[in-house]
Amino acid sequence: MRHLSSLPAAIVSAVLAAAITAGVMLSVSGGAAQPDGGHDGGPRNIALPTPELETVQPTPKVPIEPGEPLLEPGFAAADWSQAYAIAVPSLVTVVTDDGSGSGFFVSDDGHVMTNLHVLGENERVVIITQDGSRVEGELVARDIGNDLALIKIDPDGIEVVLPSYGSLDDLRIGDPVGALGAPYALPNTLTVGIVSGLGRLRQSGNRTTEPLRNTIQTDAALNPGNSGGMLIDARGRVVGIPTQIETPDQTWSGIGFAVSADAMLRSLPTMLTGEDAERSYLGVSFDTSDGGLAVADVICDSPADEAGLRDGDVVLAINDEEAVTLDQLMERMASLIPGDDLTITVRRGARSLTLNATAGNWPATLAGSGCG
């Protein structure tokens, strides 16, 4: 597949249908190298190595107490010592038999959020808390599309500190952000940069074609072990979860990506019940050159194929709710779970049609395209 930036601007592909290969993409933690079969001798999708269990160092004490929060922090005014002290008590290190990553508390009763790829295929996971305690954890739920995993530990005898959260609505390109985690098994490490981009679409991996949507791009240094930690703003609020870096040689190159805290918080209530968070799959790509959602391609055996969508159809609504922009369509589909019935209202030539389908699960691999 081509890099997203090489596609014609009018075509918005694979948002609801296919995975995206964008040059070289590396998971910040976990797994062995996996070649991208779409390249011959070119860049590959590679998972970075992770620090081994024996090399995880003792967790240092938090050096300062937080002071009064800044009212209007800018890059020059940001007090990163204060932001660090506010956020780091919630941070943990996540250790598996294959390596380590990062995580943070999301509930008073001992739930920890991290990246799914940090766990990989490992059944054993240990959480190292700020006081140096090592506690066995259990995977309770996943959000495969957002590369998230929820782990439960017994919080008895452990001080559980919950973070505060910022929002994508508050972020601007150029805003200062910091990455908190355990790169190369160095706990409580802070690296600082800026928001380099917003709304990035990335291939998520984790045996699904579902893309990571609306990610935050940053030049804060991300390295093996940062995955699953915190991307914080200058007030010490979590705005994202570092997930990927893009690099040609397995080293930090100033291009990293974080799943937004907004996406995590949408999935968290479902995950806390022990259920995996899922989003529905349609199986279509669009040409938006005329300002609408004109079908450019239909994936075979997808819900869109089942509904009878054709190339050139213009989508108008999902379940009678207006869906004339990509954001609206994604919002409508996100409100459905796999197995839900859905209606798709389209304009086909001079006619308006209502087509019926069943929302699907994002597949691990895609059937052929060209079924519209």
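For the structure, see preceding data.
Because the structure is a prediction, the values reported are computed rather than measured.

1. Quick word on the pairing of strand S13 (residues 230-233)
Both faces of S13 are covered, namely the face carrying Met-230 and Ile-232 and the face carrying Leu-231 and Asp-233. The pairing of S13 with strand S14 (residues 238-245) spans two bridges and is classified as antiparallel. Each bridged residue has a counterpart across the sheet, and for Leu-231 the counterpart in S14 is Gly-240.

2. As for the sheet that holds strand S4 (residues 91-96)
Working definition: the strands of a sheet are paired by backbone hydrogen bonds and lie parallel or antiparallel to each other. In space, the six strands of this closed barrel follow the order S4-S5-S6-S9-S8-S7, with antiparallel pairing throughout. With direction set aside, neighbouring strand axes in the sheet form an average angle of 40 degrees. As paired strands, strand S8 (residues 134-143) and strand S9 (residues 148-152) are joined by five bridges and run antiparallel to one another. In the strand pairing of S9, Glu-138 is matched with Lys-152.

3. So, the state of the cysteines
Here the structure, examined in full by the defined rule, presents one disulfide. Cys-300 shares a disulfide with Cys-371; S-S distance 1.7 Å. Disulfide Cys-300-Cys-371: torsion about the S-S bond near 85 degrees, hence right-handed. Placement of the pair is Cys-300 in the loop between strand S17 (293-298) and helix H4 (303-307) and Cys-371 in the segment after strand S21 (351-358), with a sequence separation of 71 residues. Judged by relative accessible area, which is 16%, Cys-300 ranks as buried.

4. Quick notes on empty space enclosed by the protein
Counted under the stated rule, the structure contains two cavities of 30 Å³ or more. Its boundaries defined by the atoms lining it, the largest cavity holds a volume of some 50 Å³. Taken together, 12 residues make up the lining of the largest cavity; nearest its centre are Val-92, Thr-93, Gln-130, Pro-187 and Asn-188. Looking at the lining of the largest cavity residue by residue, the classes come out as five nonpolar, seven polar and no charged.

Each value, and the rule that gives it
Residues numbered from 1 in each chain as written. Predicted model: local features only at pLDDT ≥ 70, side-chain atom pairs only at ≥ 80, totals over all residues. Heavy atoms only, no water. Buried < 20%, exposed > 50% of the residue type's maximum accessible area, 1.4 Å probe, protein only. Helix = DSSP H or I, 4+ residues; strand = E, 2+ residues; numbered from the N terminus. Pairing = 2+ DSSP bridges. Axes fitted to C-alpha atoms, helices over the stretch in contact; angles between N-to-C directions. Disulfide = S-S within 2.5 Å. 1 Å grid on protein atoms, 1.4 Å probe; cavity = no way out; pocket = protein on both sides within 12 Å on 5 of 7 lines; lining within 4 Å. Points joined across faces, edges and corners; volume = space filled by probe spheres on them. Nonpolar A, V, L, I, M, F, W, Y, C, P; charged D, E, K, R; others polar.

So yeah, pure geometry; function would need other evidence.
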